[in-house]
Number of protein chains: 2
Amino acid sequence: MPLVKKPINGMKDILPPEMRLRDYLISLVKETYRSFGFTPIETPVMESLDNLLSKQGGDNEKLIFKVLKRGEKLRINEAQTEEDLSDSGLRYDLTVPLVRYYSNNEAELPKPFKALQIGPVFRADRPQRGRFRQFYQCDIDIIGEAGNLAETELILATCTLLNKIGFKGFKVKINDRRLLTATADYCGVSRECCGQMFVIMDKLDKIGMDGVCRELCEAGFEASVSEKLQAFFAAFEGGKPSLDLFAELLGNYADPEIVTNLKSIIAAASSADGAYDLVFDPTLVRGMGYYTGPVFEIEIADFGASCGGGGRYDGMVEKFTGRSVPACGFSIGFERIITILLEQGFKIPDERRRVAFLIEKNMPGERMAQIISEAGELRREGCEVSLLTMAKNKKFQKSQLEADGIEEIKEYFINPIQ
Amino acid sequence: MPLVKKPINGMKDILPPEMRLRDYLISLVKETYRSFGFTPIETPVMESLDNLLSKQGGDNEKLIFKVLKRGEKLRINEAQTEEDLSDSGLRYDLTVPLVRYYSNNEAELPKPFKALQIGPVFRADRPQRGRFRQFYQCDIDIIGEAGNLAETELILATCTLLNKIGFKGFKVKINDRRLLTATADYCGVSRECCGQMFVIMDKLDKIGMDGVCRELCEAGFEASVSEKLQAFFAAFEGGKPSLDLFAELLGNYADPEIVTNLKSIIAAASSADGAYDLVFDPTLVRGMGYYTGPVFEIEIADFGASCGGGGRYDGMVEKFTGRSVPACGFSIGFERIITILLEQGFKIPDERRRVAFLIEKNMPGERMAQIISEAGELRREGCEVSLLTMAKNKKFQKSQLEADGIEEIKEYFINPIQ
């Protein structure tokens, strides 16, 4: 019986042209982030379900690929639930594994610990165009730095990377979760309901203030909430406010230290000579519930959706160790960037020259040794050289090689033409 | 409740020093193999169980981590066997996925197709020192080249890589499965039993000819088999025979074309200016049953076990496509090489200079901009620069940074000492 040719439903084979681009991007990511002192680490793709289901992952926890228990631990006939059949699964992000890794290896890690992770994560999402069940994430995190140098370095490093890739004039939006809470306080929304309010506020760019008010109303918020929010944002006259104006309007609701902290980050991370804008956005929420302080998001004009983001999540390490450790991270949308570059027809800079040697069959040993030495010379000079058996239909073979991007073809005959 | 700190049983967290070495080795692998025209590819870590259990994987098929079905497909109460609960699993090697990949994407791939794969594979082996349930494999394969240029390029590329890593004077042993079969014919062993005979012969280096004869006897082979084998190998007077002498002794049992083919590979792949020996070894078997022609294995003196190997497996693509396509591969023992290099205290060449800037808390914006610009300058020059908040106990902080390998520490105060 022939075997199954297709990859698992929702997963994909990466073909050579895309793979060359991915390799290029991964090198650039490693080189850039390493220059900022981030050190690459790796964790297993499998994690215990206790950790994966610890409520850090939000809806992703519903999308876990669970791994069947083995040996004596697997009792199929007695099993009633998935938990009877499985105690581990494939990671759905790199944050839970990072925090576990830090907790497990803290004594051997530098302080603060600046980690770089690039690797596959898995989500059993409904397969759809451009969205796969195995995909790469690319995260940098700083654990153990309470001060805003963490946020500054994360933003600087990521913007430097995006500039190196060739993205110019993009925007990094920044906010602080605690200013969102202050806004909720100002509008008279209780702590229990503010999460729901933030989700709606997050849509301001898309649905406008009228849309936000309508959704707040539909969600059961009192009319006074919409009114206050509307009046508050009206003060900016449609545009995004300066942080100073925003703080002034919030008055006592906003802790001045939070505002000062955010201003320092914006000043410091704007000071590099990169081609990007760092702007305060009071409606920026970022989905994950674990954020506790500044949050940020990359917006590349013309590409719609976000190309990455992050923020401070000071509470998470405590869940593993029982001891509070500050932490802050930034994740770029690796797959999204790959998609954009492929769509743009991105040319990898400094690609090596690709050469094929077509060698007649049964080439005698001595000549073969010469040919191999010649290939070695070109390889040391930085070319990609393939030694291939000359086909009977040489013309077809050469046209195929050219179509595949081979730039130079050399032919070697047993009896060289005199 | 605190969460689980340890990685999944039998899997490991990779700490920064090992990770730097792995990244270095992976770059070297990619750079070297690309110079030989191999193109990196990637397949999902999950494969369908139909493929994984197709008898290509030998005993590894018993070690598969199976993934639980999801949604409506999972009927726990009706399930009787593992097959009712799972239809996919984690790959245990890169060969089955490669062949599936080739079958699925053949029309879009160059001919011959020279693939490079580096990635994690998974085996639920009994955990033991130095052996993990998730580990990396690193394979190169040439699909669609029937001639021995495939073997030659695989061996040349891998030896070039090992030389670049710094291994000198190692040995590549080579044999042909069909010569093993000829030896079995010569000894009067039937085709059904020769697999078992090869497994025993493979131990010649370790247990000597007496040991081989004893094990053959214990396995139920007739005494005449041992006698013939003993007489045959006695003709080499203890040493390894030349391929010519070996062929002469086998006489009509050995197909002259197979011998000529092997001689060409040895001549061509020995001709590079690398520091290694390529030697014919008539007892080399290589475990996997799918090999059909030449097989090879790397032996690095002082390191005992094999550091990699491969061979021709012309039959495997046919299992997916129903159409025969020649194929040949070489796998280096990635994890084994990492272990050796770590044990040797290997120093990564041209490591970047690591610098830390200790910055006093609440540094004013203008000074901060200067510091960031200074860091940017060093980063562009190739240093790894970390911006850190100066700790209260600065002496302790500096000693920690030095212990972590930071080579230069610069201090920045709000009021620089006059």
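In this text the structure is predicted, and so the values were computed from the model without any measurement.

**Structural notes on the overall build of chain A**
Okay, step 1: Within chain A one finds 15 helices and 14 strands.
Okay, step 2: Scored against the burial criterion, the 418 residues of chain A give a buried share of 44%.
Okay, step 3: Contacts spanning at least 24 positions in sequence make up 70% of the contacts within chain A whose residues lie at least 6 apart.

**Concerning the pairing of strand 6 (residues 134-143) of chain A**
Residues and elements named next belong to chain A.
Okay, step 1: With eight of 10 residues buried, strand 6 lies mostly within the body of the structure.
Okay, step 2: One ladder, built from six bridges, connects strand 6 with strand 11 (residues 327-332); its direction is antiparallel. Opposite I143, over in strand 11, you have A327 as the bridge partner.

**Overview of the domain arrangement of chain A**
Okay, step 1: You can read the domains of chain A as domain 1 (7-166 + 300-351), domain 2 (168-287) and domain 3 (354-412).
Okay, step 2: A C-alpha centroid distance of 62 Å is found between domain 2 of chain A and domain 3 of chain A.

**Description of the sheet that holds strand 7 (residues 170-176) of chain A**
Whenever strands of a sheet pair, they do so through backbone hydrogen bonds, lying parallel or antiparallel.
Residues and elements named next belong to chain A.
Okay, step 1: Read from one edge to the other, the open sheet built from eight strands follows the order 1-5-6-11-10-9-7-8, with strand pairing classed as mixed. Each of the sheet's edge strands pairs with one partner strand only, and the pair in question is strand 1 (39-40) and strand 8 (276-280).
Okay, step 2: Direction of pairing for strand 9 (residues 294-299) relative to strand 10 (residues 308-312): antiparallel, over a ladder of three bridges. In the sheet register, E297 faces strand 10, and the bridge partner there is G309.

**Digging into the sheet that holds strand 14 (residues 408-412) of chain B**
All names here are of chain B.
Okay, step 1: The three strands are arranged 13-12-14 in an open sheet whose pairing can be described as parallel. The outermost strands of the open sheet, each flanked by one partner alone, are strand 13 (384-389) and strand 14. Between one strand and the next, the sheet's axes are offset by a mean angle of 20 degrees, whatever the strand orientation.
Okay, step 2: Inspection of the sheet shows strand 12 (residues 354-359) paired to strand 13 by six bridges, in the parallel sense. Bridge pairing in strand 13 places F357 opposite L387.

**A closer look at the packing of helix 8 (residues 204-218) of chain A against helix 9 (residues 223-234) of chain A**
All names here are of chain A.
Okay, step 1: Running from N to C, helix 8 and helix 9 cross one another at 160 degrees; their axes reach a closest spacing of 9 Å. Relative to helix 9, the element helix 8 lies roughly antiparallel. Judged by the twist between their axes, the crossing of helix 8 over helix 9 is right-handed. In this structure, helix 8 uses M209, C213, L216 and C217 to contact helix 9, whose residues at the interface are A223, V225, S226, Q230 and F233.
Okay, step 2: Taken together, the residues of the contact of helix 8 with helix 9 sort by class into seven nonpolar, two polar and no charged.

**A short note on the environment of V45(A)**
Okay, step 1: Along the chain, V45(A) turns up in the loop between strand 1 and strand 2 (46-48).
Okay, step 2: Taking C-alpha positions, V45(A) is 9.6 Å from D93(A), a pair spaced 48 residues apart along the chain.

**Description of the relation of the copies chain B and chain A**
Okay, step 1: Under the fitted operation, chain B is carried onto chain A by 0.0 Å of movement along the axis and a turn of 180 degrees, and the coordinates agree to an RMSD of 0.0 Å. The transformation just described matches what one would write down for a two-fold rotation axis. When each C-alpha of chain B is compared by its distance to the rotation axis, V67(B) comes out closest, at 2.2 Å.
Okay, step 2: The overlap is high: 100% of the interface residues of chain B also sit at the interface in chain A, so the same surface is used on both sides.

**Overview of the environment of R380(B)**
Okay, step 1: Its place among the elements puts R380(B) in helix 14 (residues 365-380).
Okay, step 2: Along the sequence, R380(B) and D50(B) sit 330 residues apart, while their C-alpha atoms lie 51 Å from each other.

**Some details on the packing of helix 11 (residues 256-270) of chain A against helix 14 of chain B**
If you want to describe how two helices pack, look at the angle between their axes and the distance between the axes.
Okay, step 1: Two elements in contact, helix 11 of chain A and helix 14 of chain B, have axes whose closest approach is 8 Å; the angle formed by their N-to-C orientations is 40 degrees. The angle between helix 11 of chain A and helix 14 of chain B places the two elements in the oblique class. Along this stretch, helix 11 of chain A crosses helix 14 of chain B, giving a crossing that reads as right-handed. Within the contact between the two elements, helix 11 of chain A uses S264(A), A267(A) and A268(A) and helix 14 of chain B uses G365(B), M368(B), A369(B) and I372(B).

**Considerations on the environment of C187(B)**
All names here are of chain B.
Okay, step 1: Looking at where C187 falls in the secondary structure, it is placed in the loop between helix 6 (177-186) and helix 7 (191-201).
Okay, step 2: By the C-beta count within 10 Å, which is 23 here, C187 ends up buried.
Okay, step 3: C-alpha of C187 to C-alpha of K228: the two residues are 41 residues apart in sequence and 5.5 Å apart in space.
Okay, step 4: Each residue touching C187, except ones within four places of it in the same chain, is listed here: V225, K228 and L229.

**Comments concerning the confidence of the model for chain A**
Okay, step 1: Of the residues in chain A, 98% reach a pLDDT of 70 or more, and the chain-wide mean stands at 91.
Okay, step 2: Listed scores for the predicted complex are pTM 0.94 and ipTM 0.94.

**Here's the deal with helix 11 of chain A**
Think of an α-helix as turning once every 3.6 residues; residues three or four places apart then point the same way.
Okay, step 1: For helix 11 of chain A, with 15 residues, the first-to-last C-alpha span of 21 Å sits near the 21 Å given by 1.5 Å per residue.
Okay, step 2: Listed as buried for helix 11 of chain A are V259(A), L262(A), S264(A), I265(A), I266(A), A268(A), A269(A) and S270(A).
Okay, step 3: On its buried face, helix 11 of chain A sits against helix 5 (149-165), strand 7, helix 10 (243-250), strand 8 and strand 9 of chain A together with helix 14 of chain B.

**Observations concerning the pairing of strand 13 (residues 384-389) of chain A**
Okay, step 1: In terms of burial, strand 13 of chain A is a largely internal element, five of the six residues being buried.
Okay, step 2: Tracing the backbone out of strand 12 (residues 354-359) of chain A, into helix 14 (residues 365-380) of chain A and back to the parallel element strand 13 of chain A gives a crossover that is right-handed.

**Topic: unusual backbone geometry**
Residue and element names in this part refer to chain A.
Okay, step 1: A cis geometry characterises the amide bond from K111 onward to P112, with omega recorded as -10 degrees.
Okay, step 2: Mapped onto the elements of the fold, P112 is located in the loop between helix 4 (95-105) and strand 5 (113-122).
Okay, step 3: Even without glycine at this site, N362 takes up a positive phi of about 60 degrees.
Okay, step 4: With respect to the helices, strands and loops of the structure, N362 is situated in the loop between strand 12 and helix 14.

**A look at helix 9 of chain A**
Okay, step 1: Here helix 9 of chain A spans 16 Å end to end across 12 residues, near enough to the 16 Å set by a 1.5 Å rise per residue.
Okay, step 2: The elements touched by buried residues of helix 9 of chain A are helix 8 of chain A.

Thresholds, definitions, all that
Residues numbered from 1 in each chain as written. Chains lettered and ligands numbered in written order. Predicted model: local features only at pLDDT ≥ 70, side-chain atom pairs only at ≥ 80, totals over all residues. Helix = DSSP H or I, 4+ residues; strand = E, 2+ residues; numbered from the N terminus. Buried ≥ 20, exposed ≤ 12 C-beta atoms within 10 Å, placed from the backbone. Contact = placed C-beta atoms within 7 Å. Pairing = 2+ DSSP bridges. Domains from an automatic or database assignment. Axes fitted to C-alpha atoms, helices over the stretch in contact; angles between N-to-C directions. Parallel < 35°, antiparallel > 145°, perpendicular 65-115°, else oblique. Left-handed = near helix turned anticlockwise from the far one by under 90°. Nonpolar A, V, L, I, M, F, W, Y, C, P; charged D, E, K, R; others polar. Least-squares fit on C-alpha atoms with pLDDT ≥ 70 in both. pLDDT = per-residue confidence, 0-100. Expected span 1.5 Å × (residues − 1). Right-handed = clockwise from strand over helix to strand, strands pointing away.

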